[in-house]
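Given next are the chains, with one letter for each unit.
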Amino acid sequence: MRLPPRLFALPLMLGLSACTTAGPLPGTPEFAAAQVSRAYDCGLRVDRGRVVGRMQQDERRRFALANAAFAVKSYKAPRACDAAERASVQRDVAALTRR
(Lines give C-alpha, C1' and ligand atoms only; values in the text may rest on other atoms or scores of the structure.)
Protein backbone atom coordinates (compact mmCIF):
# COMPACT_ATOMS: atom_id res chain seq x y z
CA MET A 1 0.00 0.00 0.00
CA ARG A 2 1.44 3.36 -1.03
CA LEU A 3 0.96 6.35 1.27
CA PRO A 4 0.20 9.78 -0.16
CA PRO A 5 3.22 12.16 -0.13
CA ARG A 6 1.40 14.75 1.98
CA LEU A 7 1.49 12.34 4.94
CA PHE A 8 5.29 12.59 4.90
CA ALA A 9 5.25 16.39 4.78
CA LEU A 10 3.58 16.92 8.16
CA PRO A 11 6.20 15.11 10.30
CA LEU A 12 8.96 16.78 8.31
CA MET A 13 7.50 20.25 8.85
CA LEU A 14 6.93 19.60 12.56
CA GLY A 15 10.49 18.37 12.93
CA LEU A 16 11.93 21.40 11.17
CA SER A 17 9.83 23.83 13.19
CA ALA A 18 11.09 22.25 16.41
CA CYS A 19 14.66 22.85 15.26
CA THR A 20 14.08 26.53 14.71
CA THR A 21 12.23 27.23 17.96
CA ALA A 22 14.47 25.36 20.38
CA GLY A 23 16.44 27.61 22.70
CA PRO A 24 19.48 27.05 24.88
CA LEU A 25 19.50 23.95 27.04
CA PRO A 26 18.53 24.40 30.70
CA GLY A 27 21.48 24.45 33.05
CA THR A 28 23.79 26.23 30.63
CA PRO A 29 25.05 29.82 30.92
CA GLU A 30 23.29 30.55 27.64
CA PHE A 31 19.97 29.44 29.15
CA ALA A 32 20.58 31.65 32.17
CA ALA A 33 21.31 34.59 29.88
CA ALA A 34 18.15 33.92 27.88
CA GLN A 35 16.03 33.81 31.02
CA VAL A 36 17.59 36.99 32.45
CA SER A 37 17.00 38.77 29.15
CA ARG A 38 13.43 37.52 28.99
CA ALA A 39 12.85 38.63 32.59
CA TYR A 40 13.88 42.16 31.65
CA ASP A 41 11.46 42.00 28.69
CA CYS A 42 8.69 40.99 31.10
CA GLY A 43 9.49 43.86 33.46
CA LEU A 44 10.79 41.63 36.25
CA ARG A 45 13.56 42.66 38.64
CA VAL A 46 16.66 40.52 38.25
CA ASP A 47 19.70 40.36 40.51
CA ARG A 48 22.09 39.80 37.63
CA GLY A 49 25.11 39.97 39.93
CA ARG A 50 23.76 37.14 42.03
CA VAL A 51 23.09 35.01 38.96
CA VAL A 52 26.62 35.61 37.65
CA GLY A 53 28.15 35.19 41.12
CA ARG A 54 26.96 31.59 41.30
CA MET A 55 28.74 30.66 38.05
CA GLN A 56 32.26 29.41 37.51
CA GLN A 57 34.73 31.69 35.72
CA ASP A 58 34.38 30.09 32.26
CA GLU A 59 30.59 30.10 32.58
CA ARG A 60 30.62 33.82 33.40
CA ARG A 61 32.30 34.60 30.09
CA ARG A 62 29.77 32.48 28.18
CA PHE A 63 26.93 34.15 30.09
CA ALA A 64 28.24 37.64 29.23
CA LEU A 65 28.55 36.82 25.53
CA ALA A 66 25.10 35.25 25.35
CA ASN A 67 23.55 38.02 27.42
CA ALA A 68 24.94 40.66 25.05
CA ALA A 69 23.48 38.80 22.05
CA PHE A 70 20.07 38.46 23.70
CA ALA A 71 20.07 42.12 24.74
CA VAL A 72 20.61 43.22 21.15
CA LYS A 73 17.82 40.96 19.89
CA SER A 74 15.50 42.14 22.65
CA TYR A 75 16.25 45.79 21.94
CA LYS A 76 15.52 45.37 18.25
CA ALA A 77 12.30 43.42 18.72
CA PRO A 78 10.89 43.65 22.24
CA ARG A 79 7.75 41.69 22.94
CA ALA A 80 5.37 41.61 25.80
CA CYS A 81 4.79 38.50 27.84
CA ASP A 82 1.53 37.16 29.17
CA ALA A 83 0.91 36.22 32.80
CA ALA A 84 1.78 32.54 32.30
CA GLU A 85 5.09 33.29 30.60
CA ARG A 86 5.90 35.95 33.19
CA ALA A 87 5.33 33.44 36.01
CA SER A 88 7.45 30.81 34.24
CA VAL A 89 10.33 33.22 33.67
CA GLN A 90 10.07 34.43 37.26
CA ARG A 91 10.40 30.83 38.53
CA ASP A 92 13.40 30.17 36.28
CA VAL A 93 15.20 33.34 37.37
CA ALA A 94 14.47 32.61 41.04
CA ALA A 95 15.99 29.15 40.58
CA LEU A 96 19.10 30.71 39.03
CA THR A 97 19.68 32.87 42.09
CA ARG A 98 19.22 29.96 44.56
CA ARG A 99 21.82 27.62 43.11
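Right above here is the structure, for reference.
Quantities reported herein were computed from a predicted structural model and do not represent experimental measurements. (Residues numbered from 1 in each chain as written. Predicted model: local features only at pLDDT ≥ 70, side-chain atom pairs only at ≥ 80, totals over all residues. Heavy atoms only, no water.)

Some remarks on the pattern of salt bridges
Pairs can form between side chains of opposite charge whenever their charged atoms are close. Quick reminder of the rule: By definition here, a salt bridge exists when the distance from a side-chain nitrogen of Lys or Arg to a carboxyl oxygen of Asp or Glu is within 4 Å. Helical segments are the DSSP runs of H or I of at least four residues, strand segments are the runs of E of at least two, and each set is numbered from the N terminus. Throughout this description, buried means an accessible area under 20% of the type-specific maximum (1.4 Å probe, protein chains only), exposed means over 50%, and partly exposed covers the range between.
Under the counting rule described, the total for this entry stands at three salt bridges. Linking arginine 62 and glutamate 30 is a salt bridge whose minimum nitrogen-to-oxygen distance equals 2.8 Å. With a gap of 32 residues between them, arginine 62 in helix H4 (residues 57-76) and glutamate 30 in helix H2 (residues 29-41) connect regions that are remote in the sequence. A residue is classified by how much of its surface remains accessible, and arginine 62, at 36% relative accessible area, is partly exposed.

What about the nonpolar core?
The condition is simple: Throughout, nonpolar core names a set of buried Ala, Val, Leu, Ile, Met, Phe, Trp, Tyr and Cys residues whose side chains join them through atoms within 4.5 Å.
In this structure, Ala39, Val51 and Phe63 are the most contacted members of the largest nonpolar core, which totals 16 residues. Secondary-structure elements contributing two or more residues to this core are H2, helix H3 (48-53), H4 and helix H5 (83-98). Per-element tally for this core: the top contributor is H2, with four residues.

Remarks on the environment of aspartate 92
Put simply, the rule is: We call two residues in contact when some of their heavy atoms are within 4.5 Å.
Of note, aspartate 92 is situated in helix H5. The exposure class assigned to aspartate 92 is partly exposed, which follows from its relative accessible area of 26%. Each C-alpha atom of the pair aspartate 92 and phenylalanine 31 lies 9.7 Å from the other, and the pair is 61 residues apart in sequence. If we skip the residues at most four places from it in the chain, aspartate 92 touches Phe31 and Gln35.

Some details on the state of the cysteines
To keep it simple, the criterion reads: Count a disulfide wherever a pair of cysteine sulfur atoms falls within 2.5 Å.
One pass over the full model with this rule turns up one disulfide. Across a sulfur-sulfur distance of 2.1 Å, cysteine 42 and cysteine 81 are joined as a disulfide pair. You can see cysteine 42 sitting in the loop between H2 and H3 and its partner cysteine 81 sitting in the loop between H4 and H5, a full 39 residues away along the chain. Side by side, cysteine 42 and cysteine 81 carry an identical accessibility label, which is buried.

Details of H2
Condition: The span one expects for a helix is its residue count, reduced by one, times 1.5 Å.
Counted at 1.5 Å a residue, the expected span for H2 with its 13 residues is 18 Å, and the 18 Å between its end C-alpha atoms agrees. Judged by how many residues are buried, H2 sits mostly within the fold: ten of 13 residues are covered. Listed in full, the buried residues belonging to H2 are Pro29, Phe31, Ala32, Ala33, Ala34, Gln35, Val36, Ser37, Arg38 and Ala39. Glycine 43, located one to two residues past H2, shows a positive phi value of around 80 degrees.

A short note on the side chain of threonine 97
Residue placement: threonine 97 occurs in helix H5. The buried category is assigned to threonine 97, whose relative accessible area is 13%. Sequence-distant contacts of threonine 97, defined by excluding residues within four places in its chain, comprise Asp47, Arg50, Val51 and Arg54.

Note that all results are geometric; they support no functional claim without further evidence.
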